[in-house]
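Okay, here's what each chain looks like letter by letter:
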Amino acid sequence: TWRRGIRARAWLKALLAAATGYRGEFSEALPQAEKALELVETRPPFERVYVLGFLAMLRNWRGDFSGALSYSALAVRLIEEYGLGVVFAGLLSVHGLALTGVGRPEEGISLAERAVQAAETSGLLYWYSVWVMNLAQAYLLAGQAERSYSRAASALELSQARGDTF
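Presented here is an overview of the structure given in this document. (Residues numbered from 1 in each chain as written. Predicted model: local features only at pLDDT ≥ 70, side-chain atom pairs only at ≥ 80, totals over all residues. Heavy atoms only, no water.)

Focus on the environment of A36
Along the chain, A36 turns up in helix α2 (residues 26–40). Remark: the alpha-carbon pair of A36 and E81, spanning 45 residues in sequence, is separated by 22 Å. The contact partners of A36, leaving out residues within four places of it in the chain, are A10, K13, A14 and V51. (Helix = DSSP H or I, 4+ residues; strand = E, 2+ residues; numbered from the N terminus. Contact = heavy atoms within 4.5 Å.)

Shown next, in the form of structure tokens:
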């Protein structure tokens, strides 16, 4: 049926949006990600959380922390409601950065630290250096320059050791 390929199309649109946003082309990336979200609007929570995470990440990259928070808060609610925490531990760092960016540093940093720890504990380390980078940025936004520098240096070292290209 026509619905069979929705997840694949939505996830590919979200990934394409992330790649486009990574190049700084947010005026193109954000509408792509929004279209991906429309595709999964009535789909299972796992599929929605995946796309919501990319939207929140793109908004954070753009510096639109309140926009990121609207997506990440919904994603976190779905994660908690449906027990998807282990799979989406990294998204918690996206949410933590957004919280810090809107002036809630204690809550945001705590969540970003928890996300990094959960990723380490579970061994699900996809985009791990990005989650560590989110924590470093949260420290910086909170005025904790030394902690930010330490985590940023760690993220760079991890990224090089793992061969990350983003």
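Quick notes on the pattern of salt bridges
The final tally for this structure, using the stated rule, is 6 salt bridges. Across the pair D64 and R59 runs a salt bridge whose closest N-O atoms are separated by 3.0 Å. Residue classification places D64 among the partly exposed residues on the basis of a relative accessible area of 23%. Since its relative accessible area comes to 16%, R59 is described here as buried. Measuring nitrogen to oxygen at the nearest pair gives 3.1 Å for the salt bridge that ties R147 to E113. (Salt bridge = Lys/Arg side-chain N within 4 Å of Asp/Glu carboxyl O. Buried < 20%, exposed > 50% of the residue type's maximum accessible area, 1.4 Å probe, protein only.)

Examining the side chain of H95
As for its position among the elements, H95 is in helix α5 (residues 89–101). Looking at H95, the relative accessible area reads 8%, which means it is buried. Among all residues touching H95, those that are not within four sequence positions of it are L69, S72, A73, V76 and L111.

Re the packing of helix α1 (residues 6–22) against α2
One way to put it is that α1 packs onto α2 with a least axis distance of 8 Å and a crossing angle of 160°. Here α1 is positioned roughly antiparallel relative to α2, judged by the angle of their axes. Here the hand of the crossing between α1 and α2 comes out left-handed. On α2, the residues touching I6, R9, A10, K13, A14, L16, A17, T20 and G21 of α1 are F26, E28, A29, Q32, A33, K35, A36, L39 and V40. Residues of the contact of α1 with α2, tallied by class, amount to 11 nonpolar, 3 polar and 4 charged. (Axes fitted to C-alpha atoms, helices over the stretch in contact; angles between N-to-C directions. Parallel < 35°, antiparallel > 145°, perpendicular 65-115°, else oblique. Left-handed = near helix turned anticlockwise from the far one by under 90°. Nonpolar A, V, L, I, M, F, W, Y, C, P; charged D, E, K, R; others polar.)

Digging into the environment of G53
Relative to the elements of secondary structure, G53 occurs in helix α3 (residues 45–62). In the structure, G53 is positioned 42 residues away from H95 in sequence and 8.7 Å away in space, judged by C-alpha atoms. Those residues in contact with G53 that sit more than four places away from it in its chain are L91 and V94.

Examining the packing of aromatic side chains
For the coordinates displayed, the defined rule picks out 4 aromatic pairs. On the numbers, 5.7 Å between centres and 45° between planes, the contact of W11 with F46 is tilted. Residue W11 is found in helix α1, and its partner F46 is found in helix α3; the two are separated by 35 residues along the sequence. For F46, a relative accessible area of 30% puts it in the partly exposed group. Ring geometry for Y50 and F54: centres 5.2 Å apart, planes at 70°, overall edge-to-face. Residue Y50 and its partner F54 are located together in helix α3, separated by 4 residues, close to a single helical turn. Owing to a relative accessible area of 8%, F54 belongs among the buried residues under this scheme. (Phe/Tyr/Trp six-rings, centres within 6.5 Å; stacked < 30°, edge-to-face > 60°.)

Let's talk about helix α8 (residues 145–162)
Counted at 1.5 Å a residue, the expected span for α8 with its 18 residues is 26 Å, and the 25 Å between its end C-alpha atoms agrees. When we look at burial in α8, the residues that qualify are S148, A155 and S159. Buried residues of α8, seen end-on, are gathered within an arc of 30° and therefore sit on one face of the element. In α8, those exposed residues whose orientation departs by more than 90 degrees from the buried face are E146, Y149, E157, Q160 and A161. Each element contacted by the buried residues of α8 is listed here: α7 (128–141). Remark: G163 follows α8 within two positions and exhibits a positive phi of approximately 75°. (Expected span 1.5 Å × (residues − 1). Arc of directions from axis to C-beta.)

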